Amino acid sequence: MFCLYNGYLQTCYHGSYVKQSQGALYNIRCSVGFVMFVVGMALNIHSDYLLRNLRRPNEQGYKIPRGGLFEYVSCANFFGEIVEWCGYAILCGSLPAFAFLCFVLVNLGARSWHHHRSYLEKFEDYPKNRKALIPFIF
C-alpha cells in the first residue's frame, strides 16, 4: 500500500509542480542523480544475482554471501537500493523524492542491522570486518 501511495504522490507532484527547462537533462544535479540511480540499480541487480545463486538447486540452509559488495557489507542489495533512491532524489530535487529517500534509509537501515546481527550469530566464521550496510562505516 505504501508503494502505491508513494508512486501516486511522486506522479502528482512531478505532473503538477515541476516545470523542466530545455537543458534540464544536462545540468549537473540531474546528471549526478541519473548516474547514481543507474549505479545503484546495477549494484542492486548484481547483489540480488549473487544472493539468488548462493545455493544449488535442491540445496537448503543458509550460506554467507560472498563476492561484489558482499565482501564489505552484509546487505549489499540494500546498499545498492539506497544509492539508487538517493540518485532519484537528487535527480528530481523534490520534497516527495527526499521524503521517500528518508523512508528507504530508515527501513533498510534497520533491516540491514538485523540481518547483520543474524549473520554474526548464525555463522562463527562470518567476516568480522564486514559492516551492515555502508562499506567501512556502518
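Going by the structure above, here's the rest.
Scope of this entry: the structure provided in the associated data block. All residue numbers refer to positions counted from 1 along the written sequence of the respective chain. Residues qualify for local features only when their pLDDT is at least 70, as the model is predicted, and side-chain atom pairs are given and counted only at 80 or more; totals for whole chains, interfaces and linings, by contrast, use all residues. Side-chain figures throughout are based on the complete set of non-hydrogen atoms in the structure, without hydrogens or water.

1. Observations concerning the overall build of the protein
Strands are runs of DSSP state E lasting at least 2 residues, helices are runs of H or I lasting at least 4, and numbering of each runs from the N terminus. Secondary structure summary: the protein contains four helices and zero strands in total. Contacts were defined at the residue level, with two residues in contact if any of their heavy atoms lie within 4.5 Å. The long-range share in the protein, meaning contacts at least 24 apart out of those at least 6 apart in sequence, stands at 70%. Here, Shrake-Rupley sampling with a 1.4 Å probe gives the accessible areas, and only protein chains in the shown set may cover a residue. Taken as a whole, the protein presents about 9,200 Å² of accessible surface, with 63% of it coming from carbon and sulfur. Neither His nor the chain ends is counted toward charge; the positive residues are Lys and Arg and the negative residues Asp and Glu. For this purpose, a charge sits on NZ of Lys, CZ of Arg, CG of Asp or CD of Glu. Placing the 13 positive and 8 negative side-chain charges of the protein at their respective mean positions leaves the two points 4 Å apart.

2. Remarks on unusual backbone geometry
Backbone geometry follows two general trends: most residues other than glycine have a negative phi, and most peptide bonds adopt the trans configuration. Positioned with a positive phi, N58 is a non-glycine residue whose angle comes to about 70°. Tracing the sequence through the fold places N58 in the loop between helix 2 (28–52) and helix 3 (76–92). Located in the positive-phi region is F136, a residue other than glycine, with phi close to 70°. With respect to the helices and strands, F136 occurs in the segment after helix 4 (95–122).

3. Points about the pattern of salt bridges
What makes a salt bridge here is a side-chain nitrogen of Lys or Arg within 4 Å of a carboxyl oxygen of Asp or Glu, nothing more. Within this structure, the stated rule accounts for one salt bridge. In this structure, K63 engages E59 in a salt bridge whose closest nitrogen and oxygen atoms are separated by 3.1 Å. Relative accessibility thresholds used throughout: buried, under 20% of the residue-type maximum; exposed, over 50%; partly exposed, between the two (1.4 Å probe, protein chains only). You can call K63 partly exposed: its relative accessible area is 32%.

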